[in-house]
Amino acid sequence: MSVKTTISVIKADIGSLAGHHRVHPDTILAASRVLAEAKRNGIIKSFYVTNAGDDLQLIMTHHRGVDNQEVHSVAWNAFKEATKVAKELGLYAAGQDLLSDAFSGNVRGMGPGVAEMEIVERPSEPIVIFMADKTEPGAFNLPLFRIFADPFNTAGLVIDPRLHNGFTFEVLDVYEGRAVELNAPDEMYDILALIGTPGRYVIRRVYRRPDREIGAVVSIERLSLIAGRYVGKDDPVMIVRAQSGFPAVGEVLEPFSFPHLVAGWMRGSHHGPLMPVGLRDSKVSRFDGPPRVVALGFQVKNGELIGPADLFDDPAFDESRRVAQQIADYLRRHGPFMPHRLGPEEMEYTTLPEVMKKLSSRFVQAEMGYKPVVKRSEELSGEHD
Ligand code: 13P
Ligand code: 13P
Ligand code: MG
Ligand code: MG
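Cut-offs and rules
- Residues numbered from 1 in each chain as written.
- Chains lettered and ligands numbered in written order.
- Predicted model: local features only at pLDDT ≥ 70, side-chain atom pairs only at ≥ 80, totals over all residues.
- Heavy atoms only, no water.
- Near = heavy atom within 4 Å.
- Polar contact = N/O pair within 3.5 Å; in protein donor to acceptor, adjacent residues only side chain to side chain.
- Areas by Shrake-Rupley, 256 points an atom, 1.4 Å probe, with all protein chains shown as cover.
- Nonpolar A, V, L, I, M, F, W, Y, C, P; charged D, E, K, R; others polar.
- Helix = DSSP H or I, 4+ residues; strand = E, 2+ residues; numbered from the N terminus.
- Expected span 1.5 Å × (residues − 1).
- Buried < 20%, exposed > 50% of the residue type's maximum accessible area, 1.4 Å probe, protein only.
- Arc of directions from axis to C-beta.
- Contact = heavy atoms within 4.5 Å.
- Axes fitted to C-alpha atoms, helices over the stretch in contact; angles between N-to-C directions.
- Parallel < 35°, antiparallel > 145°, perpendicular 65-115°, else oblique.
- Left-handed = near helix turned anticlockwise from the far one by under 90°.
- Donors = N, O, S within 2.8 Å, 3.2 Å for Na, K, Ca; no water.
- Core = buried A, V, L, I, M, F, W, Y, C linked by side-chain atoms within 4.5 Å.
- Pairing = 2+ DSSP bridges.

Peer 1: Would you explain the site of ligand 1 in this entry?
Peer 2: Around ligand 1, the neighbouring residues are Arg162, Gln243, Ser244 and Ala248. Note that an oxygen atom of ligand 1 is positioned 2.9 Å from one of the side-chain N or O atoms of arginine 162. Between ligand 1 and glutamine 243 there is a distance of 2.8 Å, counted from an oxygen atom to a side-chain nitrogen or oxygen. Alone, ligand 1 offers 310 Å² of accessible surface; in the complex the protein occludes 42% of this. Considered class by class, the residues forming the shell around ligand 1 number one nonpolar, two polar and one charged.

Peer 1: Could you clarify how one ought to interpret helix α9 (residues 318-332) in this entry?
Peer 2: Residues separated by three or four positions in an α-helix point in the same direction, a consequence of the helix having 3.6 residues per turn. Counted at 1.5 Å a residue, the expected span for α9 with its 15 residues is 21 Å, and the 21 Å between its end C-alpha atoms agrees. By the burial criterion, the buried members of α9 are Ser320, Arg321, Ala324, Ala328 and Leu331. Seen along its axis, α9 keeps its buried residues to an arc of 95°; they face one direction. Residues of α9 that are buried make contact with β11 (261-264), α8 (265-268), β12 (270-273) and β13 (275-276).

Peer 1: Which parts of the structure should I look at to understand the packing of helix α3 (residues 141-149) against helix α5 (residues 188-195)?
Peer 2: Between two packed helices, what matters for the description is the angle formed by their axes and the separation of those axes. It is the contact of α3 with α5, at a shortest axis distance of 11 Å, that shows an interaxial angle of 165°. When the axes of α3 and α5 are compared, the pair comes out roughly antiparallel. Regarding α3 and α5, the two cross each other, and that crossing is right-handed. Each of Asn141, Phe145 and Ala149 in α3 lies in contact with α5, whose residues at this interface are Met188, Ile191, Leu192 and Ile195. Class assignment of the residues belonging to the contact of α3 with α5 gives a composition of six nonpolar, one polar and no charged.

Peer 1: Where do I start with the coordination of the magnesium ion (ligand 3) in this structure?
Peer 2: Coordination angles at a metal have ideal targets, namely 109.5 degrees for four tetrahedral donors and 90 or 180 degrees for six octahedral donors. Taken together, Asp13 (OD), His20 (ND1) and Asp54 (OD) make up the full set of protein donors to the magnesium ion (ligand 3), lying 2.0 to 2.2 Å away. We note that the donor set of the magnesium ion (ligand 3) lies within a single chain, spaced as D-x6-H-x33-D. The metal-metal distance between the magnesium ion (ligand 3) and the magnesium ion (ligand 4) is 4.4 Å, with aspartate 54 coordinating both. Placement of the pair is aspartate 13 in the loop between β1 (4-12) and α1 (25-40) and aspartate 54 in the loop between β2 (46-52) and β3 (55-62), with a sequence separation of 41 residues. There is no split in this pair, since aspartate 13 and aspartate 54 are both buried.

Peer 1: Where do I start with the nonpolar core in this structure?
Peer 2: Most often, soluble globular proteins keep nonpolar side chains buried together rather than apart. Within the largest apolar cluster, 38 residues are counted, with the highest numbers of intra-cluster contacts made by Phe130, Phe140, Leu144, Phe148 and Phe169. By residue number, the principal contributor to this core is α3, which donates five residues. Contacts of phenylalanine 140, omitting those with residues within four sequence positions, involve Phe130, Ala132, Val218, Pro236, Val237, Met238, Phe256 and Val293. The next biggest cluster of nonpolar side chains, apart from the first, holds 28 residues, and it includes Ala12, Ile43, Ala78 and Leu98.

Peer 1: I'm lost on the coordination of the magnesium ion (ligand 4) in this one. Help?
Peer 2: The protein atoms that coordinate the magnesium ion (ligand 4) are Asp54 (OD), Asp55 (OD), Asp133 (OD) and Asp235 (OD), at distances of 2.0 to 2.2 Å. Within one chain, the residues serving as donors to the magnesium ion (ligand 4) are arranged as D-D-x77-D-x101-D.

Peer 1: How should I be thinking about the pairing of strand β5 (residues 126-133) in this particular structure?
Peer 2: Among the eight residues of β5, eight are classified as buried, and the element is accordingly described as predominantly covered. Of the two faces of β5, the one carrying Pro126, Val128, Phe130 and Ala132 and the one carrying Ile127, Ile129, Met131 and Asp133 are both buried. Looking at chain direction, β5 and strand β10 (residues 237-241) are connected through five bridges and run antiparallel. Bridge pairing in β10 links isoleucine 129 to isoleucine 239.

Now the structure itself:
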């Protein structure tokens, strides 16, 4: 049997410089030391530590499979060490995403975001790792659909026989903790009916149909759903395999040329355009944003990461960035109004219950000429016919 390689991307906001602007280099160093030691001890094979805005990103390869206790423990220790430095430097929201003190073998459900895939390496194995700040896992729904199901994005779906049979999407309902597999192209309208609600339905994995080879995996942790309160946005990561039977790297990047609207800007409570940027621009300042995404390309060979290539650091994406700026200007002029501000059920900060409590005695019955019939949310979701 061929040796399998696991790619693990585990990230957390453990505190940042100048509010939620960017990760401090000393915390990157602290995390790198822990990973270097894990490499010496043979727990991981190679690693790359970086940041997406204020999120510390650990990219690791190893032969231990997904959800491995030792690898997760290395990641947890790296975050703990980095948090110590963050506290010493008084960085903002030190330890923000570490929701628990008691590590019990797996970082999932403890705050960090996790995307992992185990593969048998092809002779040449190009992967792209996407890391976003000031948004949520559902932000990857639109680009993933376009990469693996839209022939106007991915030419290979039409002209490459190895892609022509389509892909399977595993869609997760993050409110109910259940998942459904749907096939493209035949079920693409059903896929879109779900994933167009990205706060609830999140594409978690994509498989190539004929052989179920994994093509993509997304971190699905939503911090507020874990903690039951606002602790920071869920700034997601995603791994995508490219070329030779998967979409080409250019097809994988192409959807990001359209800066679509995502949730998570300012206080996790506003919509903004997702701006594709190179690593040096992976920091957020305007109204704590706008939301950003970085794409690093690697080759994986014999369990080692070769690279990275900073894929959005390209003038070909300048126009997308300019459009994102224009959208940002336009949205900002809405101030506290929806749809710039998120709807009440998705806002991470709200004063609404207090305002309603204060005003409750002042609300009076009003004559409207009709008795309103309001659909409850469960009727709208089509679950209780
Ligand atoms: P592969 O057939 O190796 O995936 O190459 C396609 C390509 O890179 C065209 O842009
Ligand atoms: P992060 O989730 O990236 O920490 O941002 C939080 C925030 O509220 C920014 O305005
Ligand atoms: Mg932060
Ligand atoms: Mg962040």
